[in-house]
Every structure is written in structure tokens, then in C-alpha cells.
Amino acid sequence: KNEVEQSPQNLTAQEGEFITINCSYSVGISALHWLQQHPGGGIVSLFMLSSGKKKHGRLIATINIQEKHSSLHITASHPRDSAVYICAVGDGPRGAGSYQLTFGKGTKLSVIP
Amino acid sequence: DTAVSQTPKYLVTQMGNDKSIKCEQNLGHDTMYWYKQDSKKFLKIMFSYNNKELIINETVPNRFSPKSPDKAHLNLHINSLELGDSAVYFCASSPAPRYGGYTIYFGEGSWLTVV
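Another aspect to go through is the nonpolar core. Residue and element names in this part refer to chain A. If you look at the biggest cluster of nonpolar residues, it comprises 23 residues, and the most contacted ones within it are Leu32, Trp34, Phe47, Leu72 and Tyr85. Elements that contribute at least two residues to this core include exactly β3 (19–25), β4 (31–37), β5 (43–49), β7 (59–64), β8 (69–74), β9 (83–94) and β11 (107–112). Each residue touching Phe47, except ones within four places of it in the same chain, is listed here: Leu32, His33, Trp34, Lys54, Lys55, His56, Leu59, Ile60, Ala61 and Leu72.

This next bit is on the sheet that holds β8 of chain A. Residues and elements named next belong to chain A. Taken together, the 5 strands give an open sheet; going across it, the order is β1-β3-β8-β7-β6, and neighbouring strands pair in antiparallel fashion. Only two strands of the sheet have a single neighbouring strand rather than two, namely β1 (4–7) and β6 (52–56). Ignoring which end each strand starts from, the neighbouring axes of this sheet average 15° apart. Direction of pairing for β1 relative to β3: antiparallel, over a ladder of 4 bridges. Paired with Ser7 across the strands is Asn22, a residue of β3.

Residues and elements named next belong to chain B. Taken in spatial order, the 4 strands make up an open sheet running β1-β3-β8-β7, and their pairing is antiparallel. The sheet is open, and its two edges are formed by β1 (4–7) and β7 (64–67), each paired on a single side. Adjacent strand axes in the sheet meet at a mean angle of 15° when their direction is disregarded.

This paragraph deals with the environment of Ser5 of chain B. Residues and elements named next belong to chain B. By secondary structure assignment, the location of Ser5 is in strand β1. For Ser5, a relative accessible area of 29% puts it in the partly exposed group. In this structure, the C-alpha to C-alpha distance between Ser5 and Tyr102, residues 97 residues apart in sequence, is 20 Å.

What follows covers the packing of aromatic side chains. Residues and elements named next belong to chain B. Scanning all chains against the criterion turns up 7 aromatic pairs over all chains. Between Tyr35 and Phe106, the aromatic rings sit 5.7 Å apart at their centres with planes inclined by 40°, giving tilted as the arrangement. Of this pair, Tyr35 sits in strand β4 (residues 31–37) while Phe106 sits in strand β10 (residues 105–106), and the two are 71 residues apart along the sequence. With a relative accessible area of 0%, Tyr35 lands in the buried category. Ring plane angle 65° and centroid distance 6.5 Å describe the contact between Phe90 and Trp111, whose orientation is recorded as edge-to-face. Taken together, the residues span a long stretch of sequence, with Phe90 in strand β9 (residues 87–94) and Trp111 in strand β11 (residues 110–114) at a distance of 21 residues. Judged by its relative accessible area of 0%, Phe90 is buried.

Parameters at a glance
Residues numbered from 1 in each chain as written. Chains lettered and ligands numbered in written order. Predicted model: local features only at pLDDT ≥ 70, side-chain atom pairs only at ≥ 80, totals over all residues. Heavy atoms only, no water. Core = buried A, V, L, I, M, F, W, Y, C linked by side-chain atoms within 4.5 Å. Buried < 20%, exposed > 50% of the residue type's maximum accessible area, 1.4 Å probe, protein only. Helix = DSSP H or I, 4+ residues; strand = E, 2+ residues; numbered from the N terminus. Contact = heavy atoms within 4.5 Å. Pairing = 2+ DSSP bridges. Axes fitted to C-alpha atoms, helices over the stretch in contact; angles between N-to-C directions. Phe/Tyr/Trp six-rings, centres within 6.5 Å; stacked < 30°, edge-to-face > 60°.

Here it is, written out as C-alpha cells:
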């Protein structure tokens, strides 16, 4: 079973700062997901990646398969980025067709104006 | 137009009652899931269905019974509710799995409180 560790658990930043959230896992995976959850809100998928790097606006996600590690970066952070960011790893298709995600415990980000 | 919709969003009920949460997706996906998020915000898979067939059942008490009448719907029925069932339940869907992963789409969550 995969163990997913995120750090830090809590992060407070000033508006405009560059933010990094880290995720490490213990067993090889087929893909890694970064998710965002606003307080009282639903969960939005930010990235799904299996190698390299992806960028969407001010968000950048990287993964190093050999080191079993991923990072989520936020450039020029803004108060609306305040949310819980969750790393989840997928263990590959099972049989006829499903795929299990194992989740980290999340990183609570607060961006102060 | 909501991609994955769950109802109800909030549910307060007494111990011992039976309740259902409904989920529908309009994305044409083959696979649907139920996840539970506990009070510490930790998410865990409960069930996964692919084309109406149960694929994953992760040590969930048999008081929880998922039902998939068609591949666009996955409902969760809970019998004899207990205090420990209080949580947020998320429905999700994805395209058919393949190695390399795929994007997963979550519903807004259903906040269940058992009193």
C-alpha cells in the first residue's frame, strides 16, 4: 500500500510570495494528482501527471518518478489561492477497470493580503 | 452545467436512520467513485464502479450499499446510521482507467451529520 506524505501541513504566506508544497510517496505509481479544496467547498483537480512538469496559469506541478516526489508551486500567490491542497497517487488500472487513489493529508495554505 | 452532481448537499439525521445520497455525472464517464472525508479532512476511497460493475470495495461496513442503475448514476445508501458515519461524502467520476492516469472529477460533496 502506498504511503503519501505531504509537507508542510500548514503554510501561511504573504500575497505575492512563491509557494512550494511537497509530496512524496513510497511505491511506484501510474499517475499523481494535485487537488484543491476551498473551505466548505468541493474538490477540484488541478493537475494529473505521470512525468515531467505541467503548468497552468500561476500553478506549476513537477514530478520526479525516480525519487518518488512531486512539488506544487504557486507563483505570485494571492488570497484566493487559500485552500487545502491535496496530493493523491494512483496505483495503476486494476483488472476490468478501476484505479485507486491514495491521498495525502493535505496542506492548508493561507495567503494573507 | 454541473459535471458531477450530488444530492443532498447537507443532511442531518438521527442515529439508526437509513439515508441515501444520490450522484449523477453528465460527462459520459465509465467509472464512478465514492470517497469519504473524515473530520481531519483525510480522504479515503469507499467504492468504485466501472460500467455499473463494482470494482473496489474498501473495507466499508456492509451498512453502506452503493447502487449503480446505469453508468451515469452511483447512489450511496446507508443503513442504521452511526455517529461515526458523520463525514463529507464525495462522488467522483473519470474516464475508463488506463496506465498513465486520467483526470478525476469530483462532486461538491454531501455533508452528513448523525446526531
